[in-house]
Amino acid sequence: MSDYQPVLLANIHREDSHKLAVYEAAGGYRALRKTLREKSPQEVVGIVRASGLRGRGGAAFPTGLKWSFLPEGHPGPIYFCVNADESEPGTFCNRVQMEHDPHQVLEGTILSCYATRASTAYIYLRYEYPLAYRRLQDAIAECYEAGYLGKNILGSDFSLDIHIHRGAGAYICGEETGLIESIEGKRAWPRIKPPFPAVEGLFRKPTVVNNVETLTCVVHILDRGVEWFQSLGVPPDPDNPRDAGSYGPKLYGLSGHVNRPGVYELPLGVRCGELIEEYGGGVWKGRRAKAVVPGGVSTGLMSQSELDTPLDFAGPVSVGCLGLGTAGVVVLDETYPIIDFLYNSCRFFAHESCGQCTPCREGTRWALRILERIKGGRGRLGDLDLLAEIGEGIGIIPGTTICGLADGAAWPIKTALRKFRDELEDYIRRTNPTGYMATGPAEAVDVAEVA
Amino acid sequence: MSTTRRGLSERLVEEIEGLLPRYPTRRAALLPALHLVQEELGRVPHEAVVGLAELLGLKPAEVEDTLTFYGFFRQDEPLGRVRVWVCRSLSCSCRGGEELLEYLGQKLGIRPGQTTPDGRVTLEVAECLGACDYAPAMLADGTLHKNLTKGKIDAFVESIRQDASSGGLPGA
Amino acid sequence: MATIIIDGREIEVPDHERLNLIEAARRVGVEIPHYCWHPGLSVVGSCRMCLVEIGRRDPATGQVQMMPKLMPACNTPIQDGMVVVTDSPKVRRARAMVEEDLLLRHPVDCPICDKAGECRLQDYHFRYGQPERRGDVRPFSSRRQELGPRITLFVDRCILCTRCVRFTREVSGTAELMVRARGTHEQIDVVDGFPLDNKLAGNVVDLCPVGALGDKDFLYRQRVWFMRSHASVCTRCAAGCSIWVDENQDRIYRVRPRENPQVNRWWICDDGRYDYHHVHDPRRLVAPVCREGSGLVPIDWPELLGRLSDQLARARPLAAVFSPFLTVEEAYLLARYIRGLDPEALLVLGPIPREGEDERFPGGFTIAAEKCPNRRGVEKVVAHMAGEVAVFERLLSELDGGTIRGVWVSGGYRQEWIDATTAARFDGLQQLVVQDLFPSPLTERATYALPGAAAAERDGSYVNRTDQLQSVSWAVRPPSGVRPEGSLLWALLGRQRLYDARAVLREVAAEIGHFHVAAEPIPEVGVNLKVNLLARSEGPAGEAEGVRQTRPS
């Protein structure tokens, strides 16, 4: 166990940690005061770029680079969106931050708006976080009162308004252009890119969308400096020119079959097994892990033999997963059927597919139908190949859909089939002993029955 | 409740108009406005769709397009006084969330999506409540119920019964 | 100038042309399949049928570097040095997957589907799909839902391309259509009490790439493969939209917009779309009659041709009414004919039907208030022949004054155009020849009432309100007994062989400066007379807009 002292979570165990006075007493808004006094927006962008901070929301795109795509000298308005639509199954770190340390989120937002010259920020908050909503609301009110928000913040010529925009139960709103459409009052169908939001985003104006945890990292980068940030985590692989590295602290949300589920802050790169054993108190009921989701369901599965994998941005990829995702680590013990994982995951994505692109809309539902049939004891061995092919078509072949939701739907299928094929075949043989070899189309079902 | 010709009460119209300064377009107020309507009426009825369209400078089909996309809004059947979301995503499911969902459904005598005949509870399934650290979890209105067990569900159902019989629930 | 390579074929595109890859590929004869993209609508890139592989050619080395990601051709503008592959195994696989996906919940009820034969789902599946259907779900019915008075939706045939929804939001601006729900529960719908009912609504049926949207006017009336399509022009208003007239055995079943960037782009209005019904109206005049005593009796055409000119010549002073429904050629022949009988004959423009104001739609489409196709063309011919364009009222006052003894009236109006009181002012003429579509108070008074042709039955040219001249050929033959205006006048002028509108237009072009450009073959989209005049006014011919006094020979 490392002796790492949490930074992002340093405040959350204090009493009334969500209140301004407590946050300020712990050094809150120091970074904002200092930055507004000493740094120009360009300098802030430069610092964040130099830090190597990569987005914590799942795509791991370099934050400073994203900011630098904004058109120079734009007359405005420029909009800033905080992606607080945390909906990836297995992911809850943003919730903890917003509930227990809303001012840290706000300080990160204010700093990032200063850097990007945004004059209005919207926090897109999923509706299922009522406590976070109340805490953020109160914190915003405190900020206006204290001069951290509104006109001429802390006497500078920088002004900012922050509004909370609550979602309504749609996973796709976590996709940045889906989020933008949703704020605009439309169905959250992601936009085709280009144009990218930095050029034409919310209300057709330049827009930046950043994740909650990413913004809290910005606070500490500006407070403690680039060197501190890069002293944590994993530097880029010198042999891979495209690796942007995995610097900084990271919140790992541990859940599933572990003894101590919760949020753990560690430098990027902790080994999965270490996280489970040292921090999570090991797999529950004295069992062994069968599989682990490294970063939200959409990243797929790691098998027990892959638990040595470092949980940085490159680690899960090296064992055939989509990526680190949201670092929502879900542990599944040795008794948990992989077919249930697959079914659960496919049900989620079929339910949450926005229904815009053909392969995702139809493919996620098709995969679910097949899994329903397998679970109903009418599976066939050929179904597994078909599932693999559907997965390829919706999200493995790059570019088949507008956004990444379909990728997220495909990787659980792909990794489960690749790593747990024997178990799945056994399941089909066992549950459908007379028909598992059957080929050809399944029996016809009237659409009215299944709609 | 006084109703304006728009199918929205005066208070709602006022509240929705209060949202408008936050956004550069009237349409952007649609999602928060839908929340306000559903909070007050327990659903978003047809007249409110027409009313919102008029208020926000949209066509009724644009309002309904948005509202039906999100799983959150009800059009025809009003919600129960308590709306319960039981999470069925991986972290909750693997710790018994789906069994507890079924158990709660049996206790209430309804299936997910339905409302008890007395209008007290609407049962819903949630796709990840983001409370995986407290799995299995359930959200009842503004309250998160953590580390659910059958015992906790029993107690929850009992508390609703008592609230209802004592008239303690808002609107009861 | 951008040079790109599509499937090994090089194409150069000037910088000012902003083409996407679908459009660019078309130029080299490569069809990239697509459902959701339409040039007249915003780009959503959601059907994923137009995915292609894209790379770049290094100008120095000639080396081609392909990108791993499939890109939607619809949202990819051409760029110099771009290399596009539209038939790689990866592309074919992605297309086959989309096709298979689209059939998962589709009823495949082609035998009872109106779209069969012109359905992209059929055509693409045949070309890009796979022969086997592996899906579990086999819907075998297509729920039908009414969207409005004229449009019906077959819910399960829909592939959610959203063309129709975007059309009502972007072009008609009426936004009646919406997508309901999410994921596989999605369907196109309207809100209760707000049906799809606007003057451009019919276009959504043409836009629908599959059999989901049906036009109740056409539904179950004809298989598309039995119909022939004829390029034509809508005569419902002065906009002069380019259309296709789809007919089988001289019966029109459907009218669709014909793409014309100069006029209507991709759309037509419902007034024009359903206007064809008057062609098959049983009340039409279908046999020539002449007055005998107080009644009208049938006469055959040869007999009529033998005596009409003599009788008219004896009824001088003559006048002729030029309907704004006449083609340029017909107007010219009529003027020649009448002035041939009476060089001083009064030539007047027929009544110009107007309804309200021009109707403009957000997408730029306009329905003209002037409900006739060729006022401008007829006016120019009459102005040239008579030196002025007299209005109908002028004739009426001449009639009241008894200064006219013989009148030829060309009608062709598709609605009632003259009331009994006005018609009564034609009483007492020695000769009144009326050629029209429908009986009217005027045909009752005629000495000769002749059946005329509907626009779809005529050859000739129309000049719309922006001076675009379009030439069309007949799409259906007229009912037996009807002699189209052009053909009749051609014969009355003693010209040989069959009526040749093209030859007449060349004559017009040679004689009337305004039509000069029509001497050249007319392209399918027509030619703009005004633009050409402006271009020519630089040159020696100075009589452009002026009226030259030329007597018909």
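All of these numbers come straight from a predicted model, not from anything done at the bench.

Novice: Before we move on, can you summarise the sheet that holds strand 12 (residues 228-233) of chain C with the specific residues and values?
Specialist: Residue and element names in this part refer to chain C. With respect to topology, three strands assemble into an open sheet ordered 12-13-14, the strand pairing being antiparallel. The sheet is open, and its two edges are formed by strand 12 and strand 14 (251-257), each paired on a single side. With direction set aside, neighbouring strand axes in the sheet form an average angle of 30°. Here six bridges tie strand 12 to strand 13 (residues 242-248), and the two strands are oriented antiparallel to one another. Bridge pairing in strand 13 places S229 opposite D246.

Novice: So what about the domain arrangement of chain C? Which residues, and what values?
Specialist: Residues and elements named next belong to chain C. Here chain C is described as being made up of domain 1 (2-87), domain 2 (138-280) and domain 3 (289-537). Domain 2 and domain 3 are separated by 33 Å when their C-alpha centres are compared. Taken residue by residue, the interface counts 38 residues in domain 2 and 35 residues in domain 3. With both sides pooled, the region where domain 2 packs onto domain 3 buries about 3,000 Å², and carbon together with sulfur makes up 59% of that total. At the junction of domain 2 and domain 3, the tally comes to three salt bridges. Across the salt bridge formed by R414 and D275, the nearest N and O atoms sit 2.4 Å from each other. Here domain 2 is connected to domain 3 by 15 residue pairs in polar contact (both at pLDDT 80 or more). Residues belonging to the side of domain 2 that touches domain 3 are distributed by class as follows: 17 nonpolar, 11 polar and 10 charged.

Novice: How would you explain empty space enclosed by the protein if you had to name every residue and give the values?
Specialist: To find leftover empty space, one rolls a probe the size of a water molecule over the atoms. Residues and elements named next belong to chain C. Counting across every chain of the model gives six cavities of 30 Å³ or more. By volume, the largest cavity amounts to about 150 Å³. Looking at the lining of the largest cavity, the elements that each hand over two or more residues are strand 12, strand 13 and strand 14. Residues that form the lining of the largest cavity fall into these classes: 10 nonpolar, four polar and one charged. If you add up the space inside the second largest cavity, you get close to 100 Å³. Looking at the second largest cavity, it is lined by 16 residues, and the ones nearest its centre are C158, C161, C164, C208 and A212. Within the lining of the second largest cavity, the residues separate by chemical class into 14 nonpolar, one polar and one charged.

Novice: A description of the sheet that holds strand 1 (residues 79-84) of chain A should follow, citing residues and the corresponding values.
Specialist: Residue and element names in this part refer to chain A. The strand order 3-2-1-4 describes an open sheet built from four strands, whose pairing is parallel. Whereas interior strands pair on both sides, the edge strands pair on one side only; in this sheet they are strand 3 (161-166) and strand 4 (207-211). Looking at each pair of strands side by side, their axes are set apart by 20° on average, direction ignored. Alignment of strand 1 against strand 4, held across five bridges, turns out to be parallel. Among the inter-strand pairings, N83 is bridged to a residue of strand 4, identified as N211.

Novice: Describe the interface of chain A and chain B, and please don't skip the residues or the numbers.
Specialist: On the side of chain B, 38 residues touch chain A, which itself brings 55 residues to the contact. Across the chain A/chain B interface, buried area totals approximately 3,600 Å², and carbon plus sulfur atoms make up 56% of it. Area buried by chain A at its contact with chain B is led by A168, R187 and R347 of chain A, which between them contribute 16% of it. Here chain A and chain B share three salt bridges between them.

Novice: Explain helix 3 (residues 120-128) of chain C to me, using residue names and the numbers behind them.
Specialist: All names here are of chain C. Taken as a whole, helix 3 has its buried residues at L121, Y124, H125 and Y128. Projected down its long axis, helix 3 shows its buried positions confined to an angular sector of 100°, all on one face. Packed against the buried residues of helix 3 are helix 2 (89-104).

Novice: Before we move on, could you go through the packing of helix 2 (residues 30-41) of chain B against helix 3 (residues 46-56) of chain B and cite the residues and values that matter?
Specialist: All names here are of chain B. Direction vectors running N to C along helix 2 and helix 3 enclose 145°, while the axes themselves pass 11 Å from each other. The element helix 2 and its partner helix 3 pack so that their crossing is right-handed. For the pair helix 2 and helix 3, contact is made by L30, A33, L34 and V37 and by A48, L52 and L56, respectively.

Novice: Quick one: what's the story with the interface of chain A and chain C, residue by residue and with numbers?
Specialist: Each partner contributes to the interface: chain A provides 44 residues, whereas chain C provides 42 residues. Our count for the chain A to chain C interface comes out at five salt bridges. A salt bridge links R182 of chain C to E352 of chain A, with the shortest nitrogen-to-oxygen separation between them at 3.3 Å. Where chain A meets chain C, there are 19 residue pairs in polar contact (both at pLDDT 80 or more). Counting residues per element, the ones that place at least two in the side of chain A that touches chain C are helix 13 (338-352), helix 14 (358-378), helix 15 (381-396) and helix 18 (447-450) of chain A. When residues of the side of chain A that touches chain C are assigned to their parent elements, the largest contribution, 10 residues, is made by helix 14 of chain A. Here the residues of the side of chain A that touches chain C sort into 21 nonpolar, 11 polar and 12 charged.

Novice: So what's going on with the pattern of salt bridges? Residues and values would help.
Specialist: According to the stated counting rule, one finds 83 salt bridges over all chains in the structure shown. R283 of chain C is paired through a salt bridge with D281 of chain C; the nearest N and O atoms lie 2.7 Å apart. Residue class for D281 of chain C comes out buried when judged on its relative accessible area of 16%. Notably, a salt bridge pairs E303 of chain C with R307 of chain C, separated by 3.0 Å at the nearest N-O pair. With a gap of four residues between them, E303 of chain C and R307 of chain C both fall in helix 7 (residues 301-313), about one helical turn apart. Among the charged side chains, a salt-bridge network with shared partners connects D385, R421, E425, D426 and R429 of chain A.

Novice: Describe in detail the environment of G315 of chain A, supporting the description with residues and values.
Specialist: Residue and element names in this part refer to chain A. You can see G315 is positioned in helix 12 (residues 315-318). Put simply, G315 and V270 are 45 residues apart on the chain and 9.9 Å apart in space, counted from C-alpha to C-alpha. Here G315 is in contact with T309 and P310, once residues within four sequence places are set aside.

Novice: With reference to specific residues and values, describe the pairing of strand 7 (residues 249-256) of chain A.
Specialist: Residues and elements named next belong to chain A. Taken across its eight residues, strand 7 has eight buried, putting it largely inside the fold. Between strand 7 and strand 8 (residues 262-267), which pair antiparallel one after the other, the connecting turn spans five residues. As paired elements, strand 7 and strand 11 (residues 328-333) share four bridges and run parallel to each other. By the bridge assignment for strand 11, L254 is matched with V329.

Novice: Quick rundown of helix 1 (residues 10-19) of chain B? Include the residues and the values.
Specialist: Residues and elements named next belong to chain B. All buried positions along helix 1 are accounted for by L12, V13, I16 and L19. Along helix 1, the residues classed as buried sweep out an arc of 115° about the axis, all on the same side. Among the exposed residues of helix 1, those pointing more than 90 degrees away from its buried face are E10, R11 and E14. Elements in contact with the buried residues of helix 1: helix 2 and helix 3.

Parameters at a glance
Residues numbered from 1 in each chain as written. Chains lettered and ligands numbered in written order. Predicted model: local features only at pLDDT ≥ 70, side-chain atom pairs only at ≥ 80, totals over all residues. Heavy atoms only, no water. Pairing = 2+ DSSP bridges. Helix = DSSP H or I, 4+ residues; strand = E, 2+ residues; numbered from the N terminus. Axes fitted to C-alpha atoms, helices over the stretch in contact; angles between N-to-C directions. Domains from an automatic or database assignment. Contact = heavy atoms within 4.5 Å. Buried area = accessible area lost by both parts, 1.4 Å probe. Salt bridge = Lys/Arg side-chain N within 4 Å of Asp/Glu carboxyl O. Polar contact = N/O pair within 3.5 Å; in protein donor to acceptor, adjacent residues only side chain to side chain. Nonpolar A, V, L, I, M, F, W, Y, C, P; charged D, E, K, R; others polar. 1 Å grid on protein atoms, 1.4 Å probe; cavity = no way out; pocket = protein on both sides within 12 Å on 5 of 7 lines; lining within 4 Å. Points joined across faces, edges and corners; volume = space filled by probe spheres on them. Buried < 20%, exposed > 50% of the residue type's maximum accessible area, 1.4 Å probe, protein only. Arc of directions from axis to C-beta. Left-handed = near helix turned anticlockwise from the far one by under 90°.

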